[in-house]
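# Inside the fold
Chain by chain, the residues run as shown.
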Amino acid sequence: MQGSPCRSDALVAITPADYPQSPRGRGSHKMQGNVPVDIPFTLTFTGPEAIAMTIYDRYVLPYLIDIACGLPMVQAQRRQLVPQAQGRVLEIGMGTGRNLPFYDRTRITRLVGVDPAMQMHRLAQKRSREAGIEVELMGLSAEQLPTANASFDTVVCTYTLCSIPDAAQALREMRRVLVPGGKLLFCEHGRAPDEAVRRWQDRLQPLWGPLAGGCQLGRDIPALLEETGFASSIQSGYLAGPRPMTFHYWGQAQAA
Ligand SMILES: C[S@@+](CC[C@H](N)C(=O)[O-])C[C@H]1O[C@@H](n2cnc3c(N)ncnc32)[C@H](O)[C@@H]1O
């Protein structure tokens with residue numbers, strides 16, 4: 001473990017290899033003195049702060065994520081995207097099940113959800129009952145799906161690529177499990193086109209990541225899709241809210 005302190009002695013920089021299971025606090029910034037700018041690093045907490053963060057991650061964060069993921073403009077994105085899912089559907093990072101009310105049950109033959117954060121599953125199961133839609137929910141990470149090649153017609157991924165530690169590997173897995181011609185439906189926030197907003201994304205990242213379940217503000221979604229072999233039709237733009245968090249990319253993608 002590298003021990004370069006960042007802002008507080010309670011915060012210690014470690015590499016992803018040191019702490020590969022935690023999505024929390026990954027970033028990519030340089031340190032100039034104590035100021036983060038742009039090299040790969042990961043923040044974690046030690047001592048009483050570590051206990052506080054565990055309690056926060058387990059008992060507070062699922063509810064905060066659920067509230068953020070239920071904001072009206074976010075729900076509007078789901079409303080236009082999710083009903084397009086059809087056939088055998090895999091949802092990546094199902095979280096608290098915010099997409100469940102938007103599936104068109106008449107078009108779906110099977111719905112599998114994966115999310116390693118088991119503390120989210122209870123809310124997702126409640127939403128599944130309320131929506132009258134059966135979901136096979138599994139505590140799995142998207143980077144390694146124990147699923148046969150070409151076994152899903154649709155993959156749904158909303159507000160999740162920001163939090164997956166290895167988003168490129170997860171996208172390669174999504175491509176692998178899709179049938180030829182199958183669709184990835186996605187809606188993600190990410191790297192803003194304006195330099196001033198991007199600078200804010202970089203400045204905020206060291207604090208935002210640990211508090212927001214490892215969420216990366218500046219992921220380049222179009223570049224990730226392209227480098228992992230997807231051809232996509234992408235729409236983008238700011239939604240209402242603070243600009244570092246609200247530049248969105250959404251649309252569909254298929255194996256190129
Ligand atoms: C901001 S929440 C979004 C939840 C949900 N997709 C939605 O649209 O409301 C991000 C989700 O990504 C999940 N996640 C983090 N790492 C993951 C991984 N390696 N594989 C799959 N999901 C992951 C988190 O547990 C969390 O539920």
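Residues numbered from 1 in each chain as written. Predicted model: local features only at pLDDT ≥ 70, side-chain atom pairs only at ≥ 80, totals over all residues.

### Description of the site of the ligand
The condition is simple: For each residue, a C-beta position is placed from the backbone atoms; the residue is near a molecule or strand when that point lies within 6 Å of it. Note that Gly is not counted as nonpolar here; it falls among the polar residues with everything else outside the nonpolar set of Ala, Val, Leu, Ile, Met, Phe, Trp, Tyr, Cys and Pro and the charged set of Asp, Glu, Lys and Arg.
The ligand sits among 23 residues. The nearest are Cys69, Gly93, Gly95, Ala117 and Ala142. Here the residues of the shell around the ligand are counted per class, giving 12 nonpolar, eight polar and three charged.

### Observations concerning the environment of Arg176
Applied cut-off: Per the convention used, a helix needs a DSSP run of H or I reaching at least four residues, while a strand needs a run of E reaching at least two, with both numbered from the N terminus. To sort residues by burial, count the other C-beta atoms lying within 10 Å of each one's C-beta; a count of 20 or more means buried, 12 or fewer means exposed, and anything in between means partly exposed. C-beta atoms are built from the backbone.
Counting through the fold element by element, Arg176 comes out in helix α4 (residues 167–177). The partly exposed category is assigned to Arg176, around which 16 C-beta atoms lie within 10 Å. Sequence-wise, Arg176 and Ser151 are 25 residues apart; in three dimensions their C-alpha atoms are separated by 8.7 Å.

### A word on helix α3 (residues 121–131)
The following threshold applies: Directions pointing from the helix axis toward each C-beta atom define the arc. In this description, a residue-residue contact is defined by the distance between C-beta atoms placed from the backbone, which must lie within 7 Å.
Taken together, the buried positions of α3 are occupied by His121, Ala124, Arg127 and Ser128. Here the buried residues of α3 occupy an arc of 120° about the axis, which is enough to place them on one side. Opposite its buried face, α3 presents the exposed residues Arg122, Arg129 and Glu130, each directed more than 90 degrees away. As for α3, its buried residues are in contact with β6 (108–114) and β7 (136–138). Downstream of α3 by one or two residues, Gly132 has phi in the positive range, about 65°.

### A few points about helix α1 (residues 48–68)
The condition that has to hold: To get the bend at any residue, fit one axis to the seven residues that end at it and another to the seven that begin at it, then take the angle between the two axes.
The largest bend along α1 reaches roughly 50° and is located at Val60, with the proline Pro62 sitting one to four residues downstream. The set of residues buried in α1 consists of Met53, Pro62 and Ile65.

### Digging into the nonpolar core
To keep it simple, the criterion reads: A set of buried residues drawn from Ala, Val, Leu, Ile, Met, Phe, Trp, Tyr and Cys, joined through C-beta atoms within 7 Å, is what defines a nonpolar core.
In this structure, Ile92, Val155, Cys157, Met174 and Leu184 are the most contacted members of the largest nonpolar core, which totals 47 residues. Contributions of two or more residues to this core are made by β5 (87–92), β6, β8 (152–158), α4, β9 (178–189), α6 (221–227) and β11 (247–255). At five residues, β9 tops the list of elements feeding residues into this core. Aside from chain neighbours lying at most four places away, what touches Leu184 is Val155, Cys157, Met174, Leu178, Phe230, Gln252 and Ala253.

### Regarding the pairing of β11
Consecutive residues of a regular strand have side chains that alternate between opposite faces of the sheet. Keep this limit in mind: Pairs of strands are assigned from DSSP output, requiring at least two bridges between the strands.
Sheet analysis places β9 next to β11, joined by six bridges and oriented antiparallel. Opposite Phe186, over in β11, you have Gly251 as the bridge partner.

### Concerning unusual backbone geometry
Phi is positive for Ala150, close to 50°, though the residue is something other than glycine. Looking at the secondary structure, you find Ala150 in the loop between β7 and β8. The backbone phi angle of Tyr159 is positive, close to 55°, even though this residue is not glycine. Structurally, the position occupied by Tyr159 is in the loop between β8 and α4.

### Some remarks on the sheet that holds β7
Spelled out, the test is: Only the stretch in contact is used when a helix axis is fitted, and all axes are lines through C-alpha atoms; the angle between N-to-C directions ranges over 0 to 180 degrees.
Across the sheet, which stays open at both edges, the seven strands sit in the order β7-β6-β5-β8-β9-β11-β10 with mixed pairing between neighbours. Edge positions in the sheet fall to β7 and β10 (230–238), since each of these pairs with one other strand and no more. Strand-to-strand twist in this sheet, taken as the mean axis angle between neighbours without regard to direction, amounts to 15°. Across nine bridges, the pairing between β10 and β11 is antiparallel.

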